Amino acid sequence: MRITQFQGDMSRAKTDLIVIGMFEGQKRLQRAAAKVNAALRGGIQRLIQEVKFEGRRDKILMIHTLGRIPAKQVCLLGLGKEEEFTLDRHRRAFARIVQAAREVQARQLITPLLAEGKRGRATADLCRSAAEGIHLGAYRFQKYLKKEETTDLRQVSLLVEGSSISGLAAAIRTGTLAAEATNYTRDLVNEPGNVITPITLAATARKIARQGGMRCKVLSEKEIAKLGMGAYLGVAQGSTNPPRFIHLTYRPRNAKKSIALIGKGITFDSGGLSLKPSEAMATMKMDKSGACTVLGVMQALPKLKPKVAVHGIIAAAENMPSGTAQRPDDIVRAMNGKTIEVLNTDAEGRLTLADALSYAARLKPDCMIDLATLTGACVVALGEYTAGVMGNDSTFIDDFLKTAEKTGELMWPLPFDENMQEKLKSKVADLKNIGNRWGGAITAGMFLREFVDEISWIHIDIAGPAFSEKPWGYNTGGATGIGVRTVLQYLSTL
Ligand code: BES
Ligand code: MN
Ligand code: ZN
């Protein structure tokens, strides 16, 4: 998909589709749209009144131009209430446009930025969010489907009146990079567990390193054991697919700071001997989402060039039941020396992360972010669209959440509660790997805190928003790639 800038009169443009946004109760068409209306001798205005098009959000009215102007069709898109129109609404509106274009098989379209002229909003931000909405909304995972004969949307031209082209081109490029990184992550997450195993995930990381000129270290089972990662190995031991520990490094010359990104990389979570019921087990290919978010971010860094060193760390494993699987009651020792009583083998993510975080902390980065589809409890607490954010540094949490507000990725803080620390106490080890029924997302986060060694850290539980069968916003069904855009944006501010 190509996104270009268009300057000129839409009513004279030869294109498949012109899109015109309308707020609820908007009386007059905006300038560019008014010209199209005039060229159609007031036809758009008349039709709006006749069919009572009210500009309700996501409502669409297609108008054929019958050859009266060079454009084949005009699409009126309802934008909802103007006072509620945020940057994320703008992003979502563009995803809706892509969908509408697909329905009428348009190859190419022209549209003005939908909130142009609204006070206090930079056009660069609008260009960026438009680019994101377009690429995110156009995403589909069709690798395993029979090829259909469809006309795909190839080009979106954004009408930008009287603004500096070069600044906007940069904004479009940034938005495109962020969305393409997200789509990269979506593609990886959507691959099933028979395709993405720890070995193929490591091969993917190596490829990313080769293409971006980065370093990539991959540790085998033996090397993992040598480092003393007993918690991680306990999870991996039940599967015939051996584990791989992945460490990618992006290191620009002028870097003053460093950050570690750690992703939960369970390529499939059956629950292990604490087996999941089948309804809960289906979709558990998505339990590698955190890892894939890290990989999506890493592959974008050589293109985005932030001035910070970034470690991408993944303890990849498959959680399976078998004769060699770890048992409930087993006691394991993590790399930082702490012992853990494993009472539920389905609480495996925190066991792999215990070692991944210990390893990351040893690198002494300035800060760390982990992303993990860690708990169903987080989905119960915040719903399926919002990620839970926890950590040991409230300034870091605040800064990160502010960044998330800009990208539109829904994230919300959850508190660590020292009253709950006792739930992690074990009679036979330093810790146990589960709490009780209450506050499961928080006890999981507090468990992870035992392995971060005072380094400034945030934990993002993406169990809810990482995957959704049903499409919503600019998510088109399946993996969403949540986290990629916010982490990338955060890195560019460091
Ligand atoms: N991968 C799951 C968490 C999950 C649940 C992700 C639903 C996405 C959707 C995790 O490994 C898990 O099984 N957690 C258990 C923890 C429990 C045994 C303490 C859970 O949430 O039930
Ligand atoms: Mn599990
Ligand atoms: Zn899991």
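Residues numbered from 1 in each chain as written. Chains lettered and ligands numbered in written order. Predicted model: local features only at pLDDT ≥ 70, side-chain atom pairs only at ≥ 80, totals over all residues. Heavy atoms only, no water.

Attention shifts here to the pattern of salt bridges. Taken as a whole, this structure holds 18 salt bridges when the rule is applied. Where Asp152 meets Arg140, a salt bridge forms, and the shortest distance between an N and an O atom there is 3.2 Å. Within this pair, whereas Asp152 is found in the loop between α4 (123-137) and β6 (155-159), its partner Arg140 is found in the loop between α4 and β6, the two being separated by 12 residues in sequence. On the basis of relative accessibility, which here comes to 31%, the residue Asp152 falls in the partly exposed class. Taken together, the shared-partner salt bridges connect Asp88, Arg91, Arg128, Glu132 and Arg485 into one network. (Salt bridge = Lys/Arg side-chain N within 4 Å of Asp/Glu carboxyl O. Helix = DSSP H or I, 4+ residues; strand = E, 2+ residues; numbered from the N terminus. Buried < 20%, exposed > 50% of the residue type's maximum accessible area, 1.4 Å probe, protein only.)

Let's shift gears to the coordination of the zinc ion (ligand 3). Protein-derived ligands of the zinc ion (ligand 3) are Lys264 (NZ), Asp269 (OD), Asp287 (OD) and Glu348 (OE), with the metal-ligand distances lying across 2.0 to 2.4 Å. For the zinc ion (ligand 3), the 6 donor atoms are set out with angles of 78 to 176 degrees between them, so the coordination reads as octahedral. Mapping the donors of the zinc ion (ligand 3) onto the primary sequence yields the spacing K-x4-D-x17-D-x60-E. A spacing of 3.1 Å is found between the zinc ion (ligand 3) and the manganese ion (ligand 2), which share Asp269 as a donor. Residue Asp269 is found in strand β9 (residues 257-269), and its partner Glu348 is found in the loop between β12 (339-341) and α11 (349-362); the two are separated by 79 residues along the sequence. The class for Glu348 is buried, based on a relative accessible area of 0%. (Donors = N, O, S within 2.8 Å, 3.2 Å for Na, K, Ca; no water. Tetrahedral: all angles 85-135°; square planar, octahedral: opposite > 155°, others 65-115°.)

Right, let's get into the site of ligand 1. Around ligand 1 lies a shell of 16 residues, among which Lys276, Asp287, Asp346, Glu348 and Gly376 are the nearest. A distance of 3.3 Å separates a nitrogen atom of ligand 1 from a polar atom in the backbone of Thr373. In this structure, Gly376 approaches ligand 1 through a main-chain N or O atom, which is 2.7 Å from an oxygen atom. In the complex, 76% of the free accessible area of ligand 1, which totals 520 Å², lies under the protein chains. Given that more than half its atoms are within 2 Å of the pocket grid, ligand 1 belongs to the largest pocket. For the shell around ligand 1, the per-class residue count stands at 5 nonpolar, 4 polar and 7 charged. (Near = heavy atom within 4 Å. Polar contact = N/O pair within 3.5 Å; in protein donor to acceptor, adjacent residues only side chain to side chain. Areas by Shrake-Rupley, 256 points an atom, 1.4 Å probe, with all protein chains shown as cover. 1 Å grid on protein atoms, 1.4 Å probe; cavity = no way out; pocket = protein on both sides within 12 Å on 5 of 7 lines; lining within 4 Å. Sits in = over half its atoms within 2 Å of the grid points. Nonpolar A, V, L, I, M, F, W, Y, C, P; charged D, E, K, R; others polar.)

Summed over all chains, the structure comprises 9 aromatic pairs. With a centroid separation of 5.5 Å and an interplanar angle of 55 degrees, the aromatic rings of Phe400 and Tyr490 are classed as tilted. Taken as a pair, Phe400 in helix α13 (residues 394-407) and Tyr490 in helix α15 (residues 484-493) lie far apart in primary sequence, 90 residues in all. Of the two residues, Phe400 and Tyr490, both sit in the buried class. (Phe/Tyr/Trp six-rings, centres within 6.5 Å; stacked < 30°, edge-to-face > 60°.)

When two helices pack together, their arrangement is given by the angle between the helix axes and the distance between those axes. Running from amino to carboxyl end, α11 crosses helix α14 (residues 440-449) at an angle of 30 degrees, the nearest separation of the two axes being 9 Å. Between α11 and α14, the crossing angle belongs to the class labelled roughly parallel. In the packing of α11 onto α14, the handedness of the crossing is right-handed. Together, Arg350, Leu351, Leu353, Ala354 and Leu357 of α11 and Ala444, Phe447 and Leu448 of α14 make up the contact between the two elements. Looking at the contact of α11 with α14 residue by residue, the class counts come to 7 nonpolar, no polar and 1 charged. (Axes fitted to C-alpha atoms, helices over the stretch in contact; angles between N-to-C directions. Parallel < 35°, antiparallel > 145°, perpendicular 65-115°, else oblique. Left-handed = near helix turned anticlockwise from the far one by under 90°. Contact = heavy atoms within 4.5 Å.)

The 8 strands lie next to each other as β7-β8-β10-β9-β13-β17-β14-β15, forming an open sheet whose pairing is mixed. The two strands at the open ends of the sheet, each matched to only one other strand, are β7 (215-219) and β15 (411-413). Across this sheet, the average inter-strand angle for adjacent strands is 20 degrees, counted without regard to direction. Across 7 bridges, the pairing between strand β8 (residues 244-250) and strand β10 (residues 308-319) is antiparallel. By the bridge assignment for β10, Leu248 is matched with Gly312. Strands in contact with helix α6 (residues 198-212) are β7, β8, β9 and β10; relative to β8, the strand with the most contacts, it is inclined by about 15 degrees. Docked against the sheet, α15 engages β9, β10, β13 (367-372) and β15, running at close to 170 degrees with respect to β9. (Pairing = 2+ DSSP bridges.)

The assigned domain composition of the protein chain is domain 1 (2-164) and domain 2 (176-492). Relative placement of domain 1 and domain 2: their C-alpha centres are 38 Å apart. Between domain 1 and domain 2, the contact holds 15 residues from the first and 20 residues from the second. On the domain 1 side of the contact with domain 2, His135, Leu136 and Tyr139 bury the most area, a combined 41% of that side's loss. The shortest N-O distance in the salt bridge between Glu132 and Arg485 comes to 3.0 Å. Linking domain 1 to domain 2 there are 13 residue pairs in polar contact (both at pLDDT 80 or more). Going through the elements one at a time, α3 (87-103) and α4 are the ones with two or more residues in the side of domain 1 that touches domain 2. The dominant element in the side of domain 1 that touches domain 2, judged by the number of residues it contributes, is α4, at 6 residues. The residue makeup of the side of domain 1 that touches domain 2, split by class, is 7 nonpolar, 2 polar and 6 charged. (Domains from an automatic or database assignment. Buried area = accessible area lost by both parts, 1.4 Å probe.)

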